[in-house]
Amino acid sequence: MYSKNKRMAIIRKQVIIDKNIKYLREQKKISRKQLAEIINVSYNTVCRWEKGVIIPDCRHLCMLCDFFDVTVDGLVGRKPLNK
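Residues numbered from 1 in each chain as written. Predicted model: local features only at pLDDT ≥ 70, side-chain atom pairs only at ≥ 80, totals over all residues. Heavy atoms only, no water.

Another aspect to go through is the packing of helix α2 (residues 32–39) against helix α4 (residues 58–68). One can describe the packing of α2 onto α4 by two numbers: an axis separation of 10 Å at closest approach and a directional angle of 115°. As summarised for this structure, α2 and α4 are arranged roughly perpendicular, according to the angle between their axes. In the crossing of α2 with α4, the sense of the turn from one axis to the other is right-handed. Contacts between α2 and α4 involve Leu35, Ile38 and Ile39 from the first element and His60, Met63, Leu64, Phe67 and Phe68 from the second. In terms of residue class, the contact of α2 with α4 is built from seven nonpolar, one polar and no charged. (Axes fitted to C-alpha atoms, helices over the stretch in contact; angles between N-to-C directions. Helix = DSSP H or I, 4+ residues; strand = E, 2+ residues; numbered from the N terminus. Parallel < 35°, antiparallel > 145°, perpendicular 65-115°, else oblique. Left-handed = near helix turned anticlockwise from the far one by under 90°. Contact = heavy atoms within 4.5 Å. Nonpolar A, V, L, I, M, F, W, Y, C, P; charged D, E, K, R; others polar.)

So this is what it looks like as structure tokens:
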């Protein structure tokens, strides 16, 4: 089981991921529906990513990074996202 500090760190990273997905999607000027079709997930999945309800699994995380041309470290907030 994770300590309270570790759980809080995970939650903070999730907040960064959801903000970054939304930011990058808006920069590409595409809708949630379009991103869902590109990444091959449902519209609801993209909504849940952007709202921080869930985080992308490894496969979708890599697909998002490839599509947005960013590193995983940038998308998850370990390193600055080149905005």
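With that out of the way, let us pick up the nonpolar core. Core analysis: the largest hydrophobic core is formed by 18 residues, its most contacted members being Ile21, Leu35, Trp49, Leu64, Val70 and Leu75. Looking at this core, the elements with two or more residues in it are α1 (4–27), α2, α3 (43–51), α4 and α5 (72–76). Per-element tally for this core: the top contributor is α4, with four residues. Discounting chain neighbours no more than four positions away, the residues touching Ile21 are Leu35, Trp49, Glu50, Pro56, Leu64, Phe68 and Leu75. (Core = buried A, V, L, I, M, F, W, Y, C linked by side-chain atoms within 4.5 Å. Buried < 20%, exposed > 50% of the residue type's maximum accessible area, 1.4 Å probe, protein only.)

With respect to the element layout, Glu50 can be found in helix α3. Look at Glu50 and you get buried, because its relative accessible area is 8%. At 2.8 Å, the side chain of Glu50 and the side chain of Arg32 are in polar contact. Excluding residues that lie within four positions of it along the chain, Glu50 makes contacts with Asp18, Ile21, Lys22, Arg25 and Arg32. (Polar contact = N/O pair within 3.5 Å; in protein donor to acceptor, adjacent residues only side chain to side chain.)

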